[in-house]
Amino acid sequence: MSKLPTFRLSTLALLIGAALPAGAVELYADADTRVQANFEAVFGLFHSRENYAPSGRLQEGSSSWREGYVKYGLSFEQGLAGVGNSYGAFSMLSSATWGDGDAAGFSDGSERTTKIEDAYLGWRSGNLFEALGEDGVDVSFGRQNVMVGDGFLINGDALNIGNGLADGEFNRGGAYYLAARKAFDQTAVLRLGGQQGWRGDLMWLKSDNRAQAKTELYVGTLEHVADAGTVGLTYIRTRDVDERYASPSQLERKGMDTYSLRAAGNAGVENLSLSGEYARQDRDRGHDENAWYLEAGWTFADVAWSPTLSYRYSRFSEGYDTLFYGFSRGYGTWFQGEVAGNYAGPFNTNSRVHHVGLRATPLENLSVGLLWFDFDTLDRERGDFSGRELNLYAEFGLTENLVVMPVVGLYQPKKSAEEGGAQLGNNDRNLYSQLVFAFQF
């Protein structure tokens, strides 16, 4: 089996949560009960002038394809007469890919499916435990999306491989870039603590994603939340994988312990943003690995369009397992480069990355940004995915419910696939483009 990037290869599906207002159609509401209908639809057009080698399926040339999904369902909240509130959701998701399939060959354009996405129940304590704050106890279980920290380690089960690998054995039904499916198949989550001070989580997560080898995890977090920022500890025990679907690197997940220390905030300085995380992985078979990043940004609030300039350095050791990282704070987190992060690699392992970002807001409903990445492979015997990428993007809210998001990228690899890189046939500069429409109510 070809080596996979161990995560979903997209940003836009999760971006709609940030770009669009949270919304739903209220079907029923009274003093204790609320029932809502939820709907979101995302459609994208994509073109890459070059193809990439990770799937082993494609030949030299270009790819043009389309992806889309529709998610629809119900959610509810129910007061329980002074003993907190119950809540839950059920949703279906229909997804597809058309055309050539993506530029890495993980999909081939024939993917179509409709499946259950969310199916969970939960209970929040309200003011029942005053010492823990409002909703200081939150228990949930079922099929749901789960995020830890800013998504550096865990942000949903969103690797959406199509029919391009192993005769469709890993197919999740299309929308590879949009990463339509994000929910873990089985979860049990206990959250303790309010919006300030000390808080923590205990989780059991079980994936049904064959491309993730159906990994099973135990997760614990401890955080201190203050106005100046949040400091957190995370522990992840990878209990088991399904060996029938595991790549050699995924087999080493079994019994792996991951520890991380993270922080994010402004240190009490207006317009400043700081963040960082260090993760260490200890494995039963040795080969301990690590990854870390440091990032700083400044918003020029008194300048026209309020631009924000940021710099980040990240490093991922040669055999680092990316687990379930995902999009959280915008383009470039944690899919670094629209071409490199989705098709070419290095997929946040065996590399160090310099990143500079510039974002501005010329209109209330329009944001534009420029992202630059420099990728340097650590161990070139594993393949050389060194290169540079420049992305220009916009997020344009046409209405309260519809956002249009164009992206243009220029990716310059150091080497072609024949020389140990990923780009098939040459190491020419690749012009990449996409246009995504996201609708939600």
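Calculation criteria
- Residues numbered from 1 in each chain as written.
- Predicted model: local features only at pLDDT ≥ 70, side-chain atom pairs only at ≥ 80, totals over all residues.
- Heavy atoms only, no water.
- Helix = DSSP H or I, 4+ residues; strand = E, 2+ residues; numbered from the N terminus.
- Rg over C-alpha atoms; globule rule 2.2 N^0.38 Å.
- Buried < 20%, exposed > 50% of the residue type's maximum accessible area, 1.4 Å probe, protein only.
- Contact = heavy atoms within 4.5 Å.
- Areas by Shrake-Rupley, 256 points an atom, 1.4 Å probe, with all protein chains shown as cover.
- Salt bridge = Lys/Arg side-chain N within 4 Å of Asp/Glu carboxyl O.
- Phe/Tyr/Trp six-rings, centres within 6.5 Å; stacked < 30°, edge-to-face > 60°.
- Pairing = 2+ DSSP bridges.
- Core = buried A, V, L, I, M, F, W, Y, C linked by side-chain atoms within 4.5 Å.
- Polar contact = N/O pair within 3.5 Å; in protein donor to acceptor, adjacent residues only side chain to side chain.
- 1 Å grid on protein atoms, 1.4 Å probe; cavity = no way out; pocket = protein on both sides within 12 Å on 5 of 7 lines; lining within 4 Å.
- Points joined across faces, edges and corners; volume = space filled by probe spheres on them.
- Nonpolar A, V, L, I, M, F, W, Y, C, P; charged D, E, K, R; others polar.
- Patch = residues over 30% accessible without salt bridge, like charges linked within 9 Å, V, L, I, M, F, W, Y side chains within 5 Å.
- Lys, Arg positive; Asp, Glu negative; His and termini not counted.
- Charge placed at Lys NZ, Arg CZ, Asp CG, Glu CD.

A. Expanded view of the overall build of the protein. Helix and strand content of the protein: three helices and 21 strands. Here the C-alpha radius of gyration of the protein, 21 Å, is about what a compact globule of 441 residues would show, namely 22 Å. For the protein, the spread of C-alpha atoms along the principal axes amounts to about 65 × 55 × 45 Å. Scored against the burial criterion, the 441 residues of the protein give a buried share of 53%. Sequence separation of at least 24 residues holds for 61% of the intrachain contacts in the protein that already meet a minimum separation of 6. Of the roughly 18,500 Å² that the protein leaves accessible, carbon and sulfur atoms contribute 55%.

B. Here's a closer look at the pattern of salt bridges. Across all of its chains, the model carries 30 salt bridges by this definition. For Arg 280, the salt bridge goes to Asp 282, with nearest N and O atoms at 2.9 Å. Of the residues examined, Arg 280 reaches a relative accessible area of 33% and is grouped as partly exposed. For the salt bridge of Arg 382 with Asp 379, the shortest nitrogen-to-oxygen distance reads 3.3 Å. Here the salt bridges do not stand alone but share partners, grouping Glu 117, Arg 143, Arg 172, Asp 185 and Asp 208 into one network.

C. Representation of the packing of aromatic side chains within the structure. Under the definition given, this model contains 24 aromatic pairs. For the ring pair Tyr 235 and Tyr 259, a centre distance of 5.3 Å and an interplane angle of 40 degrees mean the geometry is tilted. With a gap of 24 residues between them, Tyr 235 in strand S12 (residues 229-240) and Tyr 259 in strand S13 (residues 256-265) connect regions that are remote in the sequence. Measuring from centroid to centroid gives 5.8 Å for Phe 373 and Phe 375, while their planes differ by 10 degrees, and the two rings are stacked.

D. Highlighting the pairing of strand S10 (residues 197-206). Sheet topology note: the strand S9 (residues 184-192)/S10 ladder contains seven bridges and is antiparallel. In the sheet register, Ala 188 faces S10, and the bridge partner there is Trp 204. Counting the residues that bridge the hairpin from S9 to S10 gives four residues, and of these Gly 193 lies at a positive phi of roughly 110 degrees. In the sheet, S10 pairs with strand S11 (residues 216-226) via ten bridges, with the strands oriented antiparallel. For Met 203, the partnering residue across the bridge sits in S11 and is Val 219.

E. Here's a closer look at the nonpolar core. With 38 residues, the main nonpolar core has Phe 46, Tyr 52, Ile 161, Leu 178 and Tyr 343 as its most contacted residues. Those elements that place two or more of their residues in this core are strand S2 (33-48), strand S3 (63-79), helix H3 (340-344), strand S18 (366-377), strand S20 (402-413) and strand S21 (430-440). In terms of residue count, the dominant contributor to this core is S20 (four residues). Counting residues in each nonpolar core, the second largest holds 25 residues, with Met 256, Ala 279, Tyr 293 and Tyr 320 among its members.

F. Seen up close, the side chain of Thr 187. Its place among the elements puts Thr 187 in strand S9. Looking at Thr 187, its side chain comes within polar contact range of the main-chain oxygen of Gly 142, at 2.7 Å. Side-chain polar atoms of Thr 187 contact the side chain of Gln 144, separated by 2.9 Å.

G. Structural view of unusual backbone geometry. Put simply, Thr 333 and Trp 334 share a cis peptide bond, and its omega is 0 degrees. One non-glycine residue with positive phi stands out, namely Ser 306, at about 45 degrees. With respect to the helices and strands, the residue Ser 306 is situated in the loop between strand S15 (289-299) and strand S16 (308-316). The partly exposed category is assigned to Ser 306, whose relative accessible area is 34%.

H. Region of interest: empty space enclosed by the protein. Applying the stated rule across the entire model yields one cavity of 30 Å³ or more. If you add up the space inside the largest cavity, you get close to 30 Å³. Together, Tyr 52, Ala 344, Asp 384, Phe 385, Ser 386, Tyr 411, Pro 413, Lys 415, Gly 421, Ala 422 and Gln 423 line the largest cavity. When its residues are assigned to classes, the lining of the largest cavity shows six nonpolar, three polar and two charged.

I. A look at a negative patch on the surface. Taken together, the side chains of Glu 60, Glu 418, Glu 419 and Asp 428 present a region of like negative charge at the surface. Considering the arrangement of structural elements, one finds Asp 428 in the loop between S20 and S21. What makes Asp 428 partly exposed here is its relative accessible area of 42%.

J. Looking closely at the environment of Ser 306. Residues Ser 306 and Ala 360 lie 54 residues apart in sequence; the distance between their C-alpha atoms is 5.9 Å. When residues no more than four places from it in sequence are discounted, the contact partners of Ser 306 are Thr 299, Phe 300, Ala 301 and Arg 359.

K. Region of the structure containing the environment of Glu 364. Position of Glu 364 relative to the elements: it lies in the loop between strand S17 (351-363) and S18. Judged by its relative accessible area of 85%, Glu 364 is exposed. For the pair Glu 364 and Trp 305, spaced 59 residues apart in sequence, the C-alpha to C-alpha distance is 9.5 Å.

L. Structural view of the side chain of Arg 253. Looking at where Arg 253 falls in the secondary structure, it is placed in the loop between helix H2 (248-251) and S13. Among the polar contacts made by the side chain of Arg 253, one reaches the side chain of Thr 215 at a distance of 2.8 Å.

M. Expanded view of the pairing of S18. Counting buried positions over the twelve residues of S18 gives nine, a clear majority of the element. As paired elements, S17 and S18 share eleven bridges and run antiparallel to each other. Its bridge partner lying in S18, His 355 is registered against Phe 373. Counted between consecutive antiparallel strands, the loop separating S17 from S18 contains two residues. Pairing between S18 and strand S19 (residues 387-397): ten bridges, direction antiparallel. By the bridge assignment for S19, Trp 372 is matched with Leu 390.

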